[in-house]
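Chains, contacts and geometry: an overview
Residues per chain are reported as follows:
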Amino acid sequence: MPDGMRKFGVGVLVVALMAWAHGPALSAGAFGGDLELLAGLKGRGPLVLFGVPGTGGRPLAGLSLFIDRGLWNPDKVWTTAEIALVRLGNLALLVAIAAGLRVAVRRAVEPFLGSESAHAAASTAAVFLLVHPLAVSAVGHLSARGDLLGLALGTWSAALFLIGRQDKFKRRLTQAFVLAGVASLASRWALVMPFVLGGIEFLSAGRHRHVGLRTHTTITTFVIAAALVSVEGIARHRWAPEPVQHFIVFDAGAFHPALFLRELGTVLLPVDLAGMGVIGYVFAAIALGLALHPGFVAGRTAPRLWGRLLVGWAISLFVTHALHDGGRVSPGELAAAPGLIGAAIVLSIGFGLGSTAFSGSRRVVLPALTALFLAILGRGVSMPISLAGHAVQGLQRALAVQELDPEADQLVIVDFPREVAGVATLGGNLDSLLSDRLLSPTTEGPSSKPRMRLTDQQGLRMWVTTSEFDPATVTLMQWSKQALAILAVPEALGGGEDPGNLWTVGEDWVYSMDPMPPPTGIELQFWILDLDTLQRRSVEVERSEDGLVARGSWDLWSEMAAGRENRLAWALVMLRDGEATMAVTSGRE
């Protein structure tokens, strides 16, 4: 087969694996902290770049997202398609990282492994990174834009540094140092660049020189890179918002050796249980064996070389996992850990070196199988992201058609899941859901957006019995598979006395109440909260042959609009499969 056709075929297969792994996440809407990020992409002037939520105060990350806003969403509400374009930008940065990694790895290991082996290992490492499940998690989170951008600049900095040192091209060295400094404006991962550049200077650039000379040039390289990376801290301290002026590189107080080792095992076997289930461990174990076994076999013939490679890889993995900015990691939450992208790069390098240690056809077959299993695991991470995004999309659609009460101070969402498949659905700032960048109501809403809060049915049941609950200032939205009703019972019920605690729900909103019905002709004002929208209804109680019934109508809640809420008693009704349980509280004076 001609070399051009072979490369084209490999490219098509890689693109297909990437589409399989990343596809579900690309089609999801915004969720979690990304909601606040998109809502915060507004304002003018350079200082706003420091305050973009989710970027850690890194101005280049903010600038990149503002460019996306200008390209895809200059002056309108973010749609799912436009959010997908932003994620495609993340994916493009991942491709840039893989391209830089390919050049850097080939240049770094070629003096030790030879040209053919180095080329195979570097190309394989790049492919592994494109479909690695930990990289899929980073692409799926818009807030990972800074890390992806910083690591793209960092990998190309390392590649240009090796080109400059090995080919004696001083301009490339200057470009490498500049890229390292610029990377610090995008991501905290730039802090490792002095160690990376110093390490490859000592190990790969002119490795036959005297140890003293190599040490001297290594220290010089480290100092120059560290000085350039540190410049970002001056700008941060001067212009960044107070919460992001300082950050912890490594929290020694929260470090626990046993937990760290357990989490390191999770990184080596990157299975998201919510997306794959236990069967994912089978795929992960196969991928790990296919990737590392050839390297261990090759280590028998060259133990010194492969031993050093293994030790260096293990140390790098330990450091990148320790520095990741994602907190604790559990198997069911890999989709919620975009900060592990650094570990994904190190894992891909090790897997690329190990899986290509054999020669002949095995150098092609084993990496191809490993890439396939990594793509399967990547889809297992992508699916929870998709589920979380689509859940929030449903909530946004409900909010868009919701007629917000102009008198309401709060919008309370009942029973919306805080997590879906281990991924947080809503960020810390719930009001971002009502931002004009994310929501376009069909009706004109209040001049000032209501404060949002989440609660569950139990919390709502307790809340309505307290003096803090003011129905005139609250709009409720139900989100669950069970309908929920709040009844406002007029004073004619008898001062809020319990008329009975069981309602049976029939067809067409016909209710009968037993055993103690209220007097006839009493209008019961209540809210019926459907799965998607809040519908305000009222019912009129009538006497029939079967007892007392209440027939529903579509009238607005006139009693509340008339300001008669102080003369109402409250009843909470849970509707389940045609049965409704009612608990009535005393009236509030």
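Bear in mind the structure is a predicted one, so any value in this text is a computation, not a measurement.

Another aspect to go through is the overall build of the protein chain. Tallying secondary structure elements over the protein chain gives 18 helices and 13 strands in all. Across the 589 residues in the protein chain, those meeting the buried criterion constitute 50%. When contacts within the protein chain are restricted to residue pairs at least 6 apart in sequence, long-range pairs at least 24 apart make up 75% of them. Roughly 26500 Å² of accessible area belongs to the protein chain as shown, and the carbon and sulfur atoms make up 62% of that amount.

Among the surface-exposed residues, Leu63, Ile67, Leu71, Trp72, Leu85 and Leu88 lie close enough to one another that they form a single nonpolar patch of about 510 Å² accessible area. Those elements giving two or more residues to the nonpolar patch turn out to be helix H3 (59-72) and helix H4 (80-113). Broken down by element, the nonpolar patch gets its largest block of residues, 4 residues, from H3. Tracing the chain through its elements places Ile67 in helix H3. With a relative accessible area of 46%, Ile67 lands in the partly exposed category.

As a further point, take the confidence of the model for the protein chain. Mean pLDDT over the protein chain stands at 77; residues scoring 70 or higher make up 71%. Below pLDDT 50 for its whole length, residues 487-543 participates in 177 contacts with residues either more than four positions away or in separate chains.

One finds Leu38, Leu129, Ile341 and Leu426 to be the most contacted residues of the largest nonpolar core, which totals 111 residues. The element best represented in this core is helix H16 (residues 362-401), accounting for 15 residues. If sequence neighbours within four positions are ignored, Leu129 has contacts with Leu94, Ile97, Ala98, Leu101, Ala135, Ala344, Ile345 and Ser348. Counting 17 residues, the second-largest nonpolar core is a separate cluster that includes Val103, Ala104, Ala159 and Ile163.

Turning next to the packing of helix H7 (residues 145-166) against helix H9 (residues 193-203). At their nearest, the axes of H7 and H9 sit 10 Å apart, and the two run at 25 degrees to each other. As summarised for this structure, H7 and H9 are arranged roughly parallel, according to the angle between their axes. H9 is crossed by H7, and the crossing has right-handed handedness. Residues Gly154, Ser157, Ala158, Phe161, Leu162 and Arg165 of H7 form the contact with H9, whose participating residues are Met193, Val196, Leu197, Ile200 and Glu201. Taken together, the residues of the contact of H7 with H9 sort by class into 7 nonpolar, 2 polar and 2 charged.

With that settled, the discussion passes to H9. Along H9, the residues classified as buried are Met193, Pro194, Leu197, Gly198, Ile200 and Glu201. Relative to the axis of H9, the buried residues are bounded by an arc of 165 degrees and lie together on one face.

Per the stated rule, a full pass over the model turns up 4 aromatic pairs. Look at Trp313 and Phe351: their rings are 6.4 Å apart centre to centre, the planes differ by 45 degrees, and that puts the pair in the tilted class. Taken together, the residues span a long stretch of sequence, with Trp313 in helix H14 (residues 303-323) and Phe351 in helix H15 (residues 341-355) at a distance of 38 residues. The lysine or arginine in question, Arg214, covers the ring of Phe202, its NZ or CZ lying 4.5 Å from the ring centre. When the ring centre of Trp20 is taken as origin, the NZ or CZ atom of Arg379, which lies over that ring, is 4.0 Å away.

Moving on, we get to helix H13 (residues 279-299). Taking 1.5 Å as the rise per residue, H13 with 21 residues should run 30 Å; its terminal C-alpha atoms sit 31 Å apart, in good agreement. If you look at H13, its biggest bend is around 30 degrees, right at Leu292, and the proline Pro294 turns up within four residues after that. Burial in H13 covers these residues: Gly280, Ala284, Ala287, Leu290, Ala291, Leu292, Pro294, Gly295, Ala298 and Gly299.

Now for the pairing of strand S1 (residues 410-414). Of all 5 residues in S1, 5 are buried; the element is thus mostly enclosed. Residues Gln410, Val412 and Val414 of S1 are buried on one face, and the alternating residues Leu411 and Ile413, pointing to the opposite face, are buried as well. Inspection of the sheet shows S1 paired to strand S4 (residues 451-455) by 5 bridges, in the parallel sense. Note that in S4 the partner of Gln410 across the bridge is Arg451.

A positive phi angle is found at Lys168, which is not glycine, with a value near 55 degrees. Tracing the backbone shows Lys168 in the loop between H7 and helix H8 (170-183). One non-glycine residue, Ala421, lies in the positive phi region at around 55 degrees. Residue position: Ala421 is located in the loop between strand S2 (419-420) and strand S3 (423-424).

Packing of H7 against H8 brings their axes to within 8 Å, and their N-to-C directions diverge by 160 degrees. What the angle tells us is that H7 and H8 run roughly antiparallel. The handedness of the crossing between H7 and H8 is left-handed. Contacts from Gly150, Leu153, Gly154, Trp156, Ser157, Leu160, Phe161, Ile163, Gly164 and Arg165 of H7 reach H8 at Arg172, Leu173, Gln175, Ala176, Phe177, Leu179, Ala180, Val182 and Ala183. Of the residues that constitute the contact of H7 with H8, the class distribution is 12 nonpolar, 5 polar and 2 charged.

Before going further, it helps to spend a moment on the environment of Ala144. Here Ala144 shows up in the loop between helix H6 (133-140) and H7. Distance from Ala144 to Asp34, taken between C-alpha atoms, is 9.5 Å for residues 110 residues apart in sequence. Residues contacting Ala144, with those up to four places away along its chain left out, are Ala138 and Pro338.

Another point: the pattern of salt bridges. Taken as a whole, this structure holds 7 salt bridges when the rule is applied. Residues Arg58 and Glu232 are paired through a salt bridge, measuring 3.0 Å at the closest nitrogen-oxygen approach. Residue Arg58 is found in the loop between helix H2 (33-39) and H3, and its partner Glu232 is found in helix H10 (residues 211-239); the two are separated by 174 residues along the sequence. When its relative accessible area of 5% is taken as the criterion, Arg58 is described as buried. Judged by relative accessible area, Glu232 falls into the buried class, the value being 5%.

Attention shifts here to the environment of Leu374. If you trace the backbone, Leu374 turns up in helix H16. Look at Leu374 and you get buried, because its relative accessible area is 1%. Taking C-alpha positions, Leu374 is 8.9 Å from Pro270, a pair spaced 104 residues apart along the chain. Among all residues touching Leu374, those that are not within four sequence positions of it are Phe128, Val131, His132, Pro133, Ala287 and Phe351.

Reading guide: rules and limits
Residues numbered from 1 in each chain as written. Predicted model: local features only at pLDDT ≥ 70, side-chain atom pairs only at ≥ 80, totals over all residues. Heavy atoms only, no water. Helix = DSSP H or I, 4+ residues; strand = E, 2+ residues; numbered from the N terminus. Buried < 20%, exposed > 50% of the residue type's maximum accessible area, 1.4 Å probe, protein only. Contact = heavy atoms within 4.5 Å. Areas by Shrake-Rupley, 256 points an atom, 1.4 Å probe, with all protein chains shown as cover. Patch = residues over 30% accessible without salt bridge, like charges linked within 9 Å, V, L, I, M, F, W, Y side chains within 5 Å. Salt bridge = Lys/Arg side-chain N within 4 Å of Asp/Glu carboxyl O. pLDDT = per-residue confidence, 0-100. Core = buried A, V, L, I, M, F, W, Y, C linked by side-chain atoms within 4.5 Å. Axes fitted to C-alpha atoms, helices over the stretch in contact; angles between N-to-C directions. Parallel < 35°, antiparallel > 145°, perpendicular 65-115°, else oblique. Left-handed = near helix turned anticlockwise from the far one by under 90°. Nonpolar A, V, L, I, M, F, W, Y, C, P; charged D, E, K, R; others polar. Arc of directions from axis to C-beta. Phe/Tyr/Trp six-rings, centres within 6.5 Å; stacked < 30°, edge-to-face > 60°. Lys NZ or Arg CZ within 6 Å of the ring centre and 35° of its normal. Expected span 1.5 Å × (residues − 1). Bend = angle between axes of the 7 residues up to and from the residue. Pairing = 2+ DSSP bridges.

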